[in-house]
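Notes for the structure review
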Amino acid sequence: MIEAVIALALLSIVLAAVGSLVARNVRGAQQLEQHTALMQTARLIASRLPQEGQPLPTELSGREAGYRWQMRISPFVDADTAVPDSPFVPQRVELRVQSPTGAIVSFETVRLQYRDGRQ
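So, a few notes on the structure that sits alongside this text. Please read these numbers as outputs of a predicted model, since none were measured by experiment.

Definitions and cut-offs
- Residues numbered from 1 in each chain as written.
- Predicted model: local features only at pLDDT ≥ 70, side-chain atom pairs only at ≥ 80, totals over all residues.
- Heavy atoms only, no water.
- Buried < 20%, exposed > 50% of the residue type's maximum accessible area, 1.4 Å probe, protein only.
- Core = buried A, V, L, I, M, F, W, Y, C linked by side-chain atoms within 4.5 Å.
- Helix = DSSP H or I, 4+ residues; strand = E, 2+ residues; numbered from the N terminus.
- Contact = heavy atoms within 4.5 Å.
- Patch = residues over 30% accessible without salt bridge, like charges linked within 9 Å, V, L, I, M, F, W, Y side chains within 5 Å.
- Areas by Shrake-Rupley, 256 points an atom, 1.4 Å probe, with all protein chains shown as cover.
- Salt bridge = Lys/Arg side-chain N within 4 Å of Asp/Glu carboxyl O.

**Some words on unusual backbone geometry**
Here the phi dihedral of Ala65 falls at roughly 55°; this positive angle occurs in a residue that is not glycine. For Ala65, a relative accessible area of 69% translates into the label exposed.

Next up, the structure:
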């Protein structure tokens with residue numbers, strides 16, 4: 001009888017450990033899925049920027065599939081350090097995306113803009 005009680009106690013400890021491990025893996029998979037969706041949304045927004053050096057406003061914002069986003073465009077370098085003979089001026093693009101659950105991703109990139117605003 002004592003052996004059966006000890007076996008049941010050991011079995012319950014093992015099952016509790018396995019249950020905890022499964023729950024942790026499920027939470028990790030959910031967080032990974034949320035992060036992946038957040039990054040895909042950020043890439044989608046960044047890919048919709050005007051191409052071919054077209055001018056951008058200094059601030060953009062909106063919603064995409066329930067995700068709020070905000071983009072700021074500013075000079076990457078000042079006029080004194082820019083390459084004078086280049087037809088392009090680098091711009092810093094900062095993108096911040098917030099998921100419906102509150103998770104936030106931010107990243108920064110550089111975009112080349114025609115110096116005289118032409119296309």
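After that view, the rundown keeps rolling.
**Overview of the nonpolar core**
Grouped together as the largest cluster of nonpolar side chains are 13 residues, with contacts concentrated most on Ile45, Trp69, Met71, Leu95 and Val97. Counting residues per element, this core draws most heavily on strand E2 (residues 67-75), which supplies 4 residues. Excluding residues within four positions of it along the chain, Met71 makes contact with Ile45, Leu49, Thr58, Glu59, Leu60, Val93, Glu94 and Leu95.

**Let's talk about a nonpolar patch on the surface**
On the surface, a cluster of nonpolar side chains totalling about 430 Å² of accessible area is made up of Ile2, Ile6, Leu10 and Ile13. Structurally, Ile13 is set in helix H1 (residues 2-47). Look at Ile13 and you get exposed, because its relative accessible area is 54%.

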